[in-house]
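# Coordinate analysis (summary)
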Amino acid sequence: QVQLVESGGGSVQPGGSLRLSCAASGSIFRINVMGWYRQAPGKERELVAAITRRGNTNYADSVKGRFAISRDNAKNTVYLEMNSLKPEDTAVYYCNAQRWVGVTWATYWGQGTQVTVSS
């Protein structure tokens, strides 16, 4: 099993910044992709950004140029730097990890951290 613990959420005014962190523990061997998803009230969970162990990244179009995902493999931690935040970025943000378990990929989720962008 893999445990994911998020931190760094909170409330910020439009145009502000926040940094999310997610630390992985447990059976972290063979974790490849780590990423961030978000879910706003009444909406489906959506990918925000993801990063492979080698550093290849993928972003949702809505956050390109504003958010940056990074990863410290030595600390088993993934970060999401969020700048120029907008009210529509308000959501619960979930950390995600995918680990190869021999025949398929296992997916793990954090408990979620609230991000609220409001004036």
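Here's what I pulled together on the structure shown here. Per chain, residues are indexed from 1 in the order of the written sequence. This being a predicted model, a pLDDT of at least 70 is required before a residue's local features are given, and a value of 80 or more before pairs of side-chain atoms are given or counted; all residues contribute to the totals for chains, interfaces and linings. For the side-chain quantities, the full set of heavy atoms in the structure was used; hydrogens and water were omitted.

## Things to note about the overall build of the chain
For clarity, the cut-off: Numbering of helices and strands runs from the N terminus, with a helix taken as a DSSP run of H or I at least four residues long and a strand as a DSSP run of E at least two residues long. The rule is simple: take the accessible area with a 1.4 Å probe, protein chains only, and divide by the maximum for that residue type; under 20% is buried, over 50% is exposed, in between is partly exposed. Whether two residues are in contact is decided by their heavy atoms: any pair within 4.5 Å suffices. Surface accessibility follows the Shrake-Rupley procedure with a 1.4 Å probe radius. Residue values consider only the protein chains on display as shielding. Charge assignment: positive for Lys and Arg, negative for Asp and Glu; neither His nor the chain ends contribute. Where a charge lies is defined by one atom per residue type: Lys uses NZ, Arg uses CZ, Asp uses CG and Glu uses CD.
Each helix and strand in the chain was counted, giving 0 helices and 11 strands. When the helices and strands of the chain are listed from N to C terminus, the series reads β-β-β-β-β-β-β-β-β-β-β. Across its three principal directions, the C-alpha atoms of the chain cover 45 × 25 × 25 Å. Looking at the chain as a whole, 40% of its 119 residues qualify as buried. A fraction of 53% describes how many contacts in the chain between residues 6 or more apart in sequence connect residues 24 or more apart. Accessible area for the chain stands at about 6400 Å²; split by element, carbon and sulfur atoms hold 47% of it. The averaged location of the 8 negative side-chain charges in the chain is 9 Å from the averaged location of its 13 positive side-chain charges.

## So, the pattern of salt bridges
Close approach of charged atoms lets side chains of opposite charge pair. Going by this rule: When a carboxyl oxygen of Asp or Glu lies within 4 Å of a side-chain nitrogen of Lys or Arg, that pair is called a salt bridge.
Within the structure shown, the criterion is met by 5 salt bridges. As a salt-bridge pair, arginine 19 and glutamate 81 come within 3.7 Å of each other at their nearest N and O atoms. Within this pair, whereas arginine 19 is found in strand S3 (residues 18–26), its partner glutamate 81 is found in strand S8 (residues 77–82), the two being separated by 62 residues in sequence. The class for arginine 19 is partly exposed, based on a relative accessible area of 45%. By relative accessible area, glutamate 81 is classed as partly exposed at 31%. Here arginine 66 makes a salt bridge to aspartate 89, at a shortest N to O gap of 2.8 Å. Of the two residues, arginine 66 sits in the loop between strand S6 (57–59) and strand S7 (67–72) while aspartate 89 sits in the loop between S8 and strand S9 (91–100), which places them 23 residues apart along the sequence. With respect to class, arginine 66 is no different from aspartate 89; both count as buried.

## So, the pairing of strand S5 (residues 46–51)
Heads up, the rule is: In short, DSSP must find at least two bridges between two strands for them to pair.
Judged from the 5 bridges that link them, strand S4 (residues 31–39) and S5 form a sheet pairing that is antiparallel. Of the residues in S5, the one forming a bridge with tyrosine 37 is leucine 47. Hairpin connection, S4 to S5: the antiparallel pair is bridged by 6 residues, and glycine 42 has positive phi, about 80 degrees. Where S5 folds back onto S6 in an antiparallel hairpin, the turn is made up of 5 residues, including glycine 55, whose phi is positive at roughly 100 degrees.

## Describing the sheet that holds S3
The following threshold applies: Inter-axis angles, ranging from 0 to 180 degrees, are taken between N-to-C directions of lines fitted to C-alpha atoms, where helices are fitted over the stretch in contact.
Strand order in this open sheet of 4 strands is S1-S3-S8-S7, and the pairing throughout is antiparallel. In the strand order of this sheet, the two ends are held by strand S1 (2–7) and S7, each with one partner. Each strand axis lies, on average, 15 degrees off the axis of its neighbour in the sheet, ignoring direction. Two strands pair when backbone bridges link them, and S7 and S8 are joined in this way by 6 bridges, in the antiparallel orientation. Each residue of the ladder has a partner; that of alanine 68, found in S8, is glutamate 81.

Taken by themselves, the reported measurements are silent on function.
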